[in-house]
Amino acid sequence: MADVQDTVLTLKQIEDIFFAETCKMLGLDPTLPENQGKVRFAWPTDGSPGWSIDEDIVFLRITPIDDKIARPQDILYDTNASDYALKEVAYTRVHKIDWTLYGPSSYDNADLIRYNILSSKYLNDFRAYNLFLITDVTMPVRLPELFNGQWWERTDFQASYNELVIRRSQIPYFVNTDIKLITSR
């Protein structure tokens with residue numbers, strides 16, 4: 001039997017994709033020391049170092065969400081192989097991406113991200129990863145936050161993406177058989 005591959009992203013792959021694309025949208029090279037920690041995940045396993053009130057920081061949170069489009073499954077069988085059938089189960093997963101931005105440019109950066117994810121360049125970038133923007137994209141919301149007696153600029157923004165998932169498996173079946181009919185015994 002031939003090896004079959006699923007078409008599905010792990011949560012870690014999705015996080016890496018949105019990290020890299022967010023850095024590109026903001027013109028940040030994450031390999032440069034001055035850009036380290038400018039884009040972060042909302043739940044870092046090793047803690048999250050603080051930042052100053054005048055520093056622009058972006059937090060990403062990727063959350064799978066329940067949606068009616070995620071429930072149906074399409075099941076197809078391809079019987080063109082000689083000794084097995086290829087079963088493909090296709091369905092949609094929906095991922096909500098939350099950007100929480102802090103700093104004096106938080107609103108402008110959120111607006112820039114929103115502009116970019118709606119542009120054909122980034123629509124195509126995400127399509128290459130099998131991620132498709134749900135175009136009902138929210139506006140950035142400015143939410144200054146009181147922390148240690150100071151008001152910190154904060155802006156929240158979110159968008160959702162559909163991911164087409166295809167799970168493949170091989171199902172062996174009989175190609176032929178030898179049947180003997182014995183009539184008298």
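Residues numbered from 1 in each chain as written. Predicted model: local features only at pLDDT ≥ 70, side-chain atom pairs only at ≥ 80, totals over all residues. Heavy atoms only, no water.

Structural notes on the confidence of the model for the protein
Here is step 1: Considering every residue of the protein, the mean pLDDT works out to 89; 92% of them sit at 70 or more.
Here is step 2: For the protein, per-element mean pLDDT is lowest for strand 3 (residues 74-78), which scores 84, and highest for helix 2 (residues 106-117), which scores 97. (pLDDT = per-residue confidence, 0-100. Helix = DSSP H or I, 4+ residues; strand = E, 2+ residues; numbered from the N terminus.)

As for unusual backbone geometry
Here is step 1: Despite not being glycine, N130 shows a phi value in the positive range, around 70 degrees.
Here is step 2: With respect to the helices and strands, the residue N130 is situated in the loop between helix 3 (120-128) and strand 5 (131-134).
Here is step 3: Looking at N130, the relative accessible area reads 17%, which means it is buried.
Here is step 4: A positive phi angle, close to 50 degrees, is found at N148, a residue other than glycine.
Here is step 5: We classify N148 as exposed; its relative accessible area is 67%. (Buried < 20%, exposed > 50% of the residue type's maximum accessible area, 1.4 Å probe, protein only.)

What about the nonpolar core?
The nonpolar side chains of a soluble globular protein tend to be buried with one another.
Here is step 1: Ranked by internal contacts, the top residues of the largest apolar core, which has 25 residues, are F18, W99, I113, I117, F126 and Y161.
Here is step 2: Those elements that provide at least two residues to this core are helix 1 (11-25), strand 2 (57-65), strand 4 (84-102), helix 2, helix 3, strand 5 and strand 9 (154-172).
Here is step 3: Counting residues per element, this core draws most heavily on helix 1, which supplies five residues.
Here is step 4: Discounting residues that sit within four places of it in the chain, F126 has contacts with I17, F18, E21, M25, L131 and Y161. (Core = buried A, V, L, I, M, F, W, Y, C linked by side-chain atoms within 4.5 Å. Contact = heavy atoms within 4.5 Å.)

A closer look at helix 2
Here is step 1: In a regular helix each residue adds 1.5 Å, so 12 residues correspond to 16 Å; helix 2 covers 17 Å between its end C-alpha atoms and thus fits that length.
Here is step 2: Along helix 2, the positions that sit buried rather than exposed are S106, N109, A110, I113, R114, N116 and I117. Along the long axis of helix 2, the arc covered by the buried residues comes to 165 degrees, so they all point the same way. For helix 2, the exposed residues set more than 90 degrees away from the buried face come down to D108 and Y115.
Here is step 3: Buried residues in helix 2 make contact with helix 1, strand 4, helix 3, strand 5 and strand 9. (Expected span 1.5 Å × (residues − 1). Arc of directions from axis to C-beta.)

Some remarks on helix 3
Here is step 1: For helix 3, every residue scored as buried is listed here: Y122, D125 and F126. Here the buried residues of helix 3 occupy an arc of 90 degrees about the axis, which is enough to place them on one side. Within helix 3, the exposed residues directed more than 90 degrees away from the buried face are S120 and A128.
Here is step 2: On its buried face, helix 3 is in contact with helix 1, helix 2, strand 5 and strand 9.
Here is step 3: Trailing helix 3 by a residue or two, N130 shows a phi angle of about 70 degrees, which is positive.

Concerning the pattern of salt bridges
Here is step 1: Throughout the structure, instances matching the rule amount to 14 salt bridges.
Here is step 2: Here K96 makes a salt bridge to D98, at a shortest N to O gap of 3.5 Å.
Here is step 3: The class for K96 is partly exposed, based on a relative accessible area of 23%.
Here is step 4: You can call D98 buried: its relative accessible area is 6%.
Here is step 5: Residue R142 pairs with E153 through a salt bridge whose shortest N-O separation is 2.6 Å. With R142 in strand 6 (residues 141-142) and E153 in the loop between strand 8 (150-152) and strand 9, the pair connects residues that are 11 residues apart, well separated along the chain.
Here is step 6: Judged by its relative accessible area of 25%, E153 falls in the partly exposed class.
Here is step 7: Salt bridges here are not isolated pairs; linked through shared partners, they connect E21, K24, K121 and D125. (Salt bridge = Lys/Arg side-chain N within 4 Å of Asp/Glu carboxyl O.)

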